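# Remarks on the overall topology
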Amino acid sequence: MSGALEIAAVGMRAQQTALETTAGNISNINTPAYKRVDIRFAELVGAGTSDRAAGATGGALASVAGVSPWSLNSFDTQGQVETTGNPLDLAVQGSGFVEVLGPGGKTLLWRGGTIRVMEDGALATSSGLIFKAGINIPADAAALRIDGGGKVWAVLSDNPSEVQIGEIGLVRVVDSTAVERLDGGVYALNDEAGVIAGAPGTDGLGTFVQGSIERSNVDLNAEMVSMLISQRAYAANAQVARAADELLGIANGLRR
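Residues numbered from 1 in each chain as written. Predicted model: local features only at pLDDT ≥ 70, side-chain atom pairs only at ≥ 80, totals over all residues. Heavy atoms only, no water.

## Description of the overall build of the protein
When helices and strands are counted, the protein shows three helices and 18 strands. If you take every contact in the protein between residues at least 6 apart in sequence, the share linking residues at least 24 apart comes to 59%. (Helix = DSSP H or I, 4+ residues; strand = E, 2+ residues; numbered from the N terminus. Contact = heavy atoms within 4.5 Å.)

## Topic: the pattern of salt bridges
All told, the structure shown has seven salt bridges when counted by the stated rule. For the salt bridge of Glu-99 with Lys-132, the shortest nitrogen-to-oxygen distance reads 4.0 Å. With Glu-99 in strand E5 (residues 98-101) and Lys-132 in the loop between strand E9 (130-131) and strand E10 (142-146), this pair connects stretches of sequence that are 33 residues apart. One salt bridge in this structure joins Arg-111 and Glu-214, with 2.8 Å as the shortest N-O distance. With Arg-111 in the loop between strand E6 (107-110) and strand E7 (113-117) and Glu-214 in strand E18 (residues 212-214), the pair connects residues that are 103 residues apart, well separated along the chain. In this pair, the class of Arg-111 matches that of Glu-214, namely buried. Each of Lys-35, Arg-111 and Glu-214 takes part in a single network of salt bridges with overlapping partners. (Salt bridge = Lys/Arg side-chain N within 4 Å of Asp/Glu carboxyl O. Buried < 20%, exposed > 50% of the residue type's maximum accessible area, 1.4 Å probe, protein only.)

## Considerations on unusual backbone geometry
Despite not being glycine, Ala-33 has its phi angle at roughly 65°, a positive value. Secondary-structure assignment places Ala-33 in the loop between helix H1 (2-27) and strand E1 (37-49). Although it is not a glycine, Ala-143 adopts a positive phi angle of roughly 55°. Along the chain, Ala-143 falls in strand E10. Overall, Ala-143 belongs to the exposed group, its relative accessible area being 51%.

## Quick word on the packing of aromatic side chains
Within the structure shown, the criterion is met by four aromatic pairs. Ring plane angle 90° and centroid distance 5.1 Å describe the contact between Phe-75 and Tyr-187, whose orientation is recorded as edge-to-face. Of this pair, Phe-75 sits in the loop between strand E2 (61-73) and strand E3 (81-83) while Tyr-187 sits in strand E15 (residues 186-189); the two residues are 112 residues apart in sequence, bridging distant segments of the chain. Here Phe-75 matches Tyr-187 in class, with each residue buried. Through successive ring pairs, a cluster of aromatic residues spans Phe-75, Phe-97 and Tyr-187. (Phe/Tyr/Trp six-rings, centres within 6.5 Å; stacked < 30°, edge-to-face > 60°.)

## Remarks on the side chain of Ser-74
Mapped onto the elements of the fold, Ser-74 is located in the loop between E2 and E3. For Ser-74, the side chain forms a polar contact with the side chain of Asn-217, separated by 3.1 Å. For Ser-74, the contacting residues outside a window of four places in its chain are Lys-35, Arg-36 and Asn-217. (Polar contact = N/O pair within 3.5 Å; in protein donor to acceptor, adjacent residues only side chain to side chain.)

## A closer look at the sheet that holds strand E12 (residues 162-167)
Hydrogen bonds between backbone groups are what pair the strands of a sheet, and the pairing can be parallel or antiparallel. An order of E10-E11-E12 is seen for the three strands of this open sheet, with the pairing classed as antiparallel. On the outer flanks of this sheet lie E10 and E12, each paired with one strand and no other. Neighbour-to-neighbour, the strand axes of this sheet turn through a mean angle of 25°, independent of strand direction. As judged from the five bridges shared by strand E11 (residues 151-155) and E12, these two strands associate in the antiparallel manner. In the strand pairing of E12, Lys-151 is matched with Glu-167. (Pairing = 2+ DSSP bridges. Axes fitted to C-alpha atoms, helices over the stretch in contact; angles between N-to-C directions.)

## Section: the environment of Ala-139
Among the structural elements, Ala-139 can be located in the loop between E9 and E10. Through-space distance from the C-alpha of Ala-139 to that of Gly-121 is 6.9 Å; in sequence the pair is 18 residues apart.

## Considering the side chain of Arg-111
Taking the relative accessible area as the measure of exposure, Arg-111 reaches 1% and is therefore buried. For Arg-111, the side chain forms a polar contact with the side chain of Gln-78, separated by 3.3 Å. A distance of 3.0 Å separates a polar side-chain atom of Arg-111 from the backbone oxygen of Val-92. Sequence-distant contacts of Arg-111, that is, excluding residues within four places in its chain, are made with Ala-33, Lys-35, Gln-78, Val-92, Gly-94, Ser-95, Gly-96, Phe-97, Gly-185 and Glu-214.

## With respect to the environment of Ala-33
Of the residues examined, Ala-33 reaches a relative accessible area of 7% and is grouped as buried. Residues Ala-33 and Gly-185, 152 residues apart in the sequence, show an inter-C-alpha distance of 7.2 Å. Discounting residues that sit within four places of it in the chain, Ala-33 has contacts with Arg-111, Gly-112, Tyr-187, Glu-214, Arg-215 and Ser-216.

What follows is the structure, encoded as structure tokens:
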């Protein structure tokens, strides 16, 4: 009977994780460039156990020790690219991330959003993460433009024509499960993760769209359906725990 309680507890913990993931997606539905998270479960197989059936075949039966959840970011699903008219808004149409520098010079991945020019002229995200490409905007630069291929142009005071002052590349993540989501719409790479760098518009990478913002790829209808399924599964596991508790109470009463 304790096995039934354990199974119910494993099921309730799994569905609680699923509900928390769904809640996180819904709460970020209006976050620019947010990528929804899917939850996946895998069975954990415990050590083999011997019983009569196993003894008859000379082997051991493996027991399920629970489930292990892991998060899967939906990087390949494009959010709607919405025109804002703000030249400091930058979106990625298609696959790919911009490399930025985090604390300690660690490389982080940024999907897009609002950019800014730091006091020293460095091009950065709105939260102050410097572009790894090292784009420096001259103090007299005007009419900053980023084309679809990532080339950065500006008009300088001594030249009426546009001048290229840098270029931003994109990278593709090899294994999305090796990416950790951080606050502020950026991602960190685990030690095992790798990226493939390239020019926008090549090797399956997307292109830049200036003056636009990519909206989240969260579908509220799909999230509500997922929440209902998880709630019902949680309730079913709770019923198992309740039934096992009642049977244990009956058994304890008989022993008296």
